[in-house]
Amino acid sequence: PKARWWKFHIVNNWGSIRRLQVIGPLKLFVTGQAVYREQALLGVELVATALEALGVPPVRIHHWDFADGTSGDATILGDLRDILRRLPANIPDAFVYYVGPATVEGMWAMTWRDQQGQLHHRLLQPDGAFDPPEECMLPPPEASAPGSRMIVADAPFTARSWMRPAVRQRGLAGWESTGLASTERGPALTRWLVGQFARPPPDAVVFPAPPPDTGLCRLPGFRPLLWSPLSSPDVASKLVWELEEFLGAPTQHERRMAANLELLVHGGVALLSTLLVAHGAVTDDALLLHILWVLHSLVLSTPLVRWVGTMDELFLAALALPRARSPCCSPAVLASALTLAAACAAKCGRSKEQCGGNAQPLVQALILEALGGEDGPKAADVVAAAAGCRLAAQLTSHIVLDVTMHVKLLAALQLALCREPPAQEATAAVAAEQDLRTAAGEALLFTCLRSNPVKLKVLKFLGSTGRLINLLQICAVVSCGKLLAVLRAVACAEPLDAVLEGLNVEIAAVVVECLNKFPKDPAVQRWGFAALGALVVASKTYAERAGRGAGTCIMATLKSDILANNVAVQQEALFCAHAMLLRGQSGLEGGRRELAGQTARVISVSLRAEGKTGTECTAWGLKVLERVACAPKLGPAAVEPVVGVVVEAMLSPHLSFASAEAGSATISYLVAGSETAKLRLKRHKVQLVKAVQVLVWALNEAEGKGCDKGVSLQGWIGVLCDVLGEPRAPPDDDEGMVPVEKFVEEEEAQVGAMM
């Protein structure tokens, strides 16, 4: 182990040998120490030079260097506090820069040997150094060291220390993880700090703006809660209730966000997590519910970057609470804990990975417990069951459920969706049931989108038994959108025979009823048209059952002023219209011109919408115009007034493959059936051909030369050139043939020569 070099002989499965020589651990450690110290000295020199360049007198810059040879009784805490106490009253703030080793918890680690060679070490927690508890308990006028301590720590994991309770400490810059490798000119974060880099290095956490001041530090219970010894449950409950009232009092969204951010910056999460662990197993529900409410507010109302990678720890703490109180965990605490865990997973990628990774068995057990356990959803508390479904939605959005391994979870979610409404007509009970149905629908939606076997299982449970039709008939607007989204997912199951067998034809009429019942709700309109379009694509029988009512709903949505700018809703309405036109059962044949005009208006709106949604909406709009234009009677005449919109869509810089195909087909139908449209389109021949050709080049570059999409569009380029170009002269069949007169003369000459 003490060798300076290690040699490896690596033999792979095929018998070849590779020899490798690396630096031994001891030599690497000694070399690393020298490099670390050299980088630290470079960082200190850079910062000192920058401060002097800004006008800071050298006598106001203090420097501690814990190198070999330092006295063994060095006390950095005493020296620091003495300097902070001597700060002038008019300049109470201090800038602190640290560069060197650190622990995983973010504590500054200083190690040195004295003159006798004895090893010494100090672990410094920034909040303990700059926010001494005995001083922070005093009100601001009596505090001996006023002002803020603005800290830059160029050391691994130092940003995590900012989450600890603090009054004066302000973290300006640090590392969330191990940090970036340094260069020969100094540490990367320090070089950005002095202006050598335009942007901070990756994985560095920088918060130059001061925290908001909404009055948190002036609350009577703030300093005792953060700095006094661990309070009893009764005292802690009163203090946390004060925080809850402080966060819930602001009625304006901006002020509420600022209040939550101030509590987060001052270490509220670490404090409340400590109370949760200390009292979670023994105290009554009141304190825990207060703590969970405040933590949930912090998760929802603060930016993720200010958590510096610690939200996953809160996620695990929330999951551990019901198990700590088992087997007597109340439904209220279980619901609050699962709601907090679901909020963490929805906002933090690490928490969601934990949900689908190591914590998955615990997550599934808690979800099943919330959904009623062995007794089923009928015996479950409705609020806890809704919280369990929300956590299940986060789980199913990250992993693919297996119909055999997760059979209990799938069954519980389906039963929760179909839970019978309460016998009493209380408004609160009905609202809670609708909330449960919405949460269960969202969880099943994510599950169905990721697995066809799950679609078939849900289709058999909900469709074949008629449960889905009953739910759609009695649901409120809150849950109707989620149920229609689930229907949209299962209607795309394969094979199509399973859809026809699992979904009664009457469901098409029920969807039309939902569209008529909630005409102004975006979720119902969007997923209603999506579900109806998927059903029509699956079978013509659904289109026949929907009848003219579907066409009426489509036109009402396309004309709606409330939904005019909602591109997602308009896209699904056009998708449904295209499917109905293909089946010939849309009820729109008598109003082709009106349909074309409304479709053109939607295309114009979508062309000004950014992102994939606008592009998809444009494609479906052009497909609808294509179906209208190909009608044998008056089809081109109906689309001819909106030919300018077709050209605008084809010349859009965001032209997609689907839009190019549908637009080219629409143009070919217009040219064939309308001379007016042909004259207008011929003016844009070059631009249209060029736009499609540019898309072909982009597809060949992205998917490879000769890809199917590129070949298909190349054919459409030929069509555009033919229909928009000048008519060509018919080919001369006699070209290249010898005239008959000349042939006769030559034959007579040959005969005469022979005679």
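As shown above, the structure is provided for reference.
This structure is a prediction, so every number in the text was calculated from the model and none was measured. (Residues numbered from 1 in each chain as written. Predicted model: local features only at pLDDT ≥ 70, side-chain atom pairs only at ≥ 80, totals over all residues. Heavy atoms only, no water.)

## Points about the sheet that holds strand β6 (residues 149–154)
The sheet built from four strands is open, its strands ordered β3-β6-β7-β8 with mixed pairing. This sheet does not close on itself; its edge strands, each paired only once, are β3 (94–99) and β8 (204–206). Averaged over all pairs of adjacent strands, the angle between strand axes in this sheet comes to 20°, irrespective of strand direction. Note that β6 and strand β7 (residues 169–175) share four bridges and pair parallel. Within β7, the position partnered with valine 152 by the bridge is alanine 173. (Pairing = 2+ DSSP bridges. Helix = DSSP H or I, 4+ residues; strand = E, 2+ residues; numbered from the N terminus. Axes fitted to C-alpha atoms, helices over the stretch in contact; angles between N-to-C directions.)

## Here's the deal with the pattern of salt bridges
Counted by the stated rule, this structure contains eleven salt bridges. Among the ionic pairs, arginine 160 bridges to glutamate 313, the shortest N-O distance being 1.9 Å. Taken as a pair, arginine 160 in the loop between β6 and β7 and glutamate 313 in helix α11 (residues 311–324) lie far apart in primary sequence, 153 residues in all. Across the salt bridge formed by arginine 350 and glutamate 176, the nearest N and O atoms sit 3.2 Å from each other. Of this pair, arginine 350 sits in helix α13 (residues 349–356) while glutamate 176 sits in the loop between β7 and α5 (188–193); the two residues are 174 residues apart in sequence, bridging distant segments of the chain. (Salt bridge = Lys/Arg side-chain N within 4 Å of Asp/Glu carboxyl O.)

## Notes on the packing of aromatic side chains
All chains considered together, the criterion is met by three aromatic pairs. Taken together, a centroid distance of 5.0 Å and an interplanar angle of 70° make the contact between phenylalanine 575 and tryptophan 620 edge-to-face. Highlighted residues: phenylalanine 575 in helix α25 (residues 567–583) and tryptophan 620 in helix α27 (residues 612–629), separated in sequence by 45 residues. Residue classification places phenylalanine 575 among the buried residues on the basis of a relative accessible area of 12%. Residue classification places tryptophan 620 among the buried residues on the basis of a relative accessible area of 17%. It is arginine 306 that lies over the ring of phenylalanine 207; its NZ or CZ is 3.8 Å from the centre. Taking NZ or CZ as reference, lysine 623 lies 4.1 Å from the ring centre of tryptophan 620, over its face. (Phe/Tyr/Trp six-rings, centres within 6.5 Å; stacked < 30°, edge-to-face > 60°. Buried < 20%, exposed > 50% of the residue type's maximum accessible area, 1.4 Å probe, protein only. Lys NZ or Arg CZ within 6 Å of the ring centre and 35° of its normal.)

## Looking at unusual backbone geometry
The residue after serine 326, namely proline 327, is reached through a cis peptide bond having omega 5°. By the secondary structure assignment, proline 327 is in the loop between α11 and α12 (331–347). The linkage connecting glutamate 494 with the following residue, proline 495, adopts the cis geometry, with an omega of 0°. Among the secondary structure elements, proline 495 is positioned in the loop between α20 (477–490) and α21 (496–502).

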